[in-house]
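Here's the letter readout for the chains.
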Amino acid sequence: MLSHRFLFILLGALAALSPLAVDMYLPAIPAIARELGTSIEAAQLTISAFLGGFAIGQLFYGPLADSFGRKPVVLVGLAMFIIASIGCAMADSLPELLAYRMLQAAGGAAGSVVVNALLRDQFEKDAFSRAMSFVILVMTLAPLVAPVMGGYISAHASWRVIFWLLVGLSLLILALMQWKIKETLKPEHRQPLNLGLILKNYWGVLSHRSAMGYVMCGSLSTAGMFAFLSGSPYVYIEYFKVPTEHYGWLFGLNILLMMVVTFANSRLVKGVGAERMLQYGLLVIPCASALLVYNAWSQTGGLWGIVIPVVLFIGHISLVGANAMTGLMGHFPLSAGTASALAGTLRFGIGALVGILVNLTPPQSPLPMAIAIACCGVGSTLSYWLLTVKKRA
């Protein structure tokens, strides 16, 4: 029997593929812009293209995972991710890179949907939150080292090497998923695949006020991180003149705190409860947002005046995400794939939109990024208290 430890490691690696595809190449964006003959803000749109493809892909994978099972869906998605990564590595123009990035994201979206649904098949309520925290803990190891690796690769080799590394890693995960993972969706729980039922299931989530409170608080907090991903290459490397190979170390501070908070959640959630842990995260995030905007506006603290509140914000995103997903899944145990897909679509769709807004005009200071992050943080907290808590009361 597959041990929980190995399961969490493998699912964490699967879930980490898409963050790796974003985080590892962030330091290389200036180099990509130079080689492809475009501006940095145009090259940063490849992040929004990835997030958009990721959002759209999840809409399809959710119903497919509820109808055909978790394993076939994730294997097809991984194959698509591999093919698109090869295309990214060989792209000769920005439009070509944008197209392959969207396809790469659409393939990676399968892993995100299946991880949530597969865990929900095996764990319930607070046990699900605890399992999800362990998976996120494993997943965050990748973004911890990815920007550092990407920074050194882009400083000493071609940015295309980053995508060839993704090809190799995804091939390994594909082999392990085929070899080690068994189907977890029982035949009697499978949903017929028809458009009417798919739309009904999606509407069931969209029209459920409390569920949408959980969806939006998780989506908006994550969108704040995507605002950072879209704006930070300019803010850190261009504005504050941080060397490309050092960008990853500053980025890694976010992940270090995220790992600590995620580990604490996995230990505390059983006794405290997912709801109380979620409320704690939604207290920290708007406070960090306010500090970030103030420092960016007043230029207090220089680089560290931006880094510290960003670390506080991003460090608590996994806490909000894991416990918000627990609340959502509790409402839809028999259509976990669909619920997870809709949550992921909104999370990454909003993230893509925020990333585009951050890069609408050439940035002049850290303030546009800070305002975008703060709006997401405040919106996350308001979504929970106005929708979910009011409904429960």
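Conventions used here
Residues numbered from 1 in each chain as written. Predicted model: local features only at pLDDT ≥ 70, side-chain atom pairs only at ≥ 80, totals over all residues. Heavy atoms only, no water. Helix = DSSP H or I, 4+ residues; strand = E, 2+ residues; numbered from the N terminus. Buried < 20%, exposed > 50% of the residue type's maximum accessible area, 1.4 Å probe, protein only. Contact = heavy atoms within 4.5 Å. pLDDT = per-residue confidence, 0-100. Expected span 1.5 Å × (residues − 1). Bend = angle between axes of the 7 residues up to and from the residue. Axes fitted to C-alpha atoms, helices over the stretch in contact; angles between N-to-C directions. Parallel < 35°, antiparallel > 145°, perpendicular 65-115°, else oblique. Left-handed = near helix turned anticlockwise from the far one by under 90°. Nonpolar A, V, L, I, M, F, W, Y, C, P; charged D, E, K, R; others polar.

Asker: Explain the environment of Thr 388 to me, and be specific about the residues and the numbers.
Answerer: Tracing the sequence through the fold places Thr 388 in helix H17 (residues 367-392). Among the residues examined, Thr 388 registers a relative accessible area of 0% and is labelled buried. Through-space distance from the C-alpha of Thr 388 to that of Ile 56 is 26 Å; in sequence the pair is 332 residues apart. What Thr 388 contacts, discounting residues up to four positions off in sequence, is Ser 210, Gly 213, Tyr 214, Glu 275 and Ser 383.

Asker: How would you explain the confidence of the model for the chain if you had to name every residue and give the values?
Answerer: When pLDDT is averaged along the chain, the result is 83, and 93% of the positions lie at 70 or above. The secondary structure element of the chain with the lowest average pLDDT is helix H7 (residues 125-139), at 70, and the one with the highest is helix H14 (residues 302-315), at 93.

Asker: If you had to explain helix H1 (residues 4-23) to someone new, which residues and values would you point to?
Answerer: Each α-helix turn comprises 3.6 residues. Residues three or four places apart therefore point the same way. End to end, H1 covers 27 Å across 20 residues, agreeing with the expected 28 Å (1.5 Å per residue, within 8%). Helix geometry: H1 is bent most strongly at Leu 17, by close to 40°, with proline Pro 19 lying one to four residues after it. Among the 20 residues in H1, 14 count as buried, and that is most of the element.

Asker: Quick rundown of unusual backbone geometry? Include the residues and the values.
Answerer: Positive phi, normally seen in glycine, also occurs at Lys 241, with a value near 60°. By secondary structure assignment, the location of Lys 241 is in the loop between helix H11 (209-239) and helix H12 (244-272). Here Lys 241 falls in the exposed class, since its relative accessible area comes to 61%. If you check the backbone angles, Gln 299 has positive phi at about 60° while not being a glycine. Looking at the element boundaries, Gln 299 is found in the loop between helix H13 (274-298) and H14.

Asker: Talk me through the side chain of Gln 104; I want residue IDs and the actual numbers.
Answerer: Counting through the fold element by element, Gln 104 comes out in helix H6 (residues 94-122). Classification of Gln 104 by relative accessible area gives buried; the value is 0%.

Asker: With reference to specific residues and values, describe the packing of H11 against H13.
Answerer: Closest axis-to-axis distance for the H11/H13 pair is 12 Å, and the angle between their directions is 40°. Looking at the two axes, H11 sits oblique to H13. In this structure, H11 meets H13 at a crossing whose hand is left-handed. Residue-level contacts link Tyr 214, Cys 217 and Ser 221 of H11 to Glu 275, Leu 278, Leu 282 and Ile 285 of H13. Along the lines of polarity and charge, the residues of the contact of H11 with H13 split into five nonpolar, one polar and one charged.

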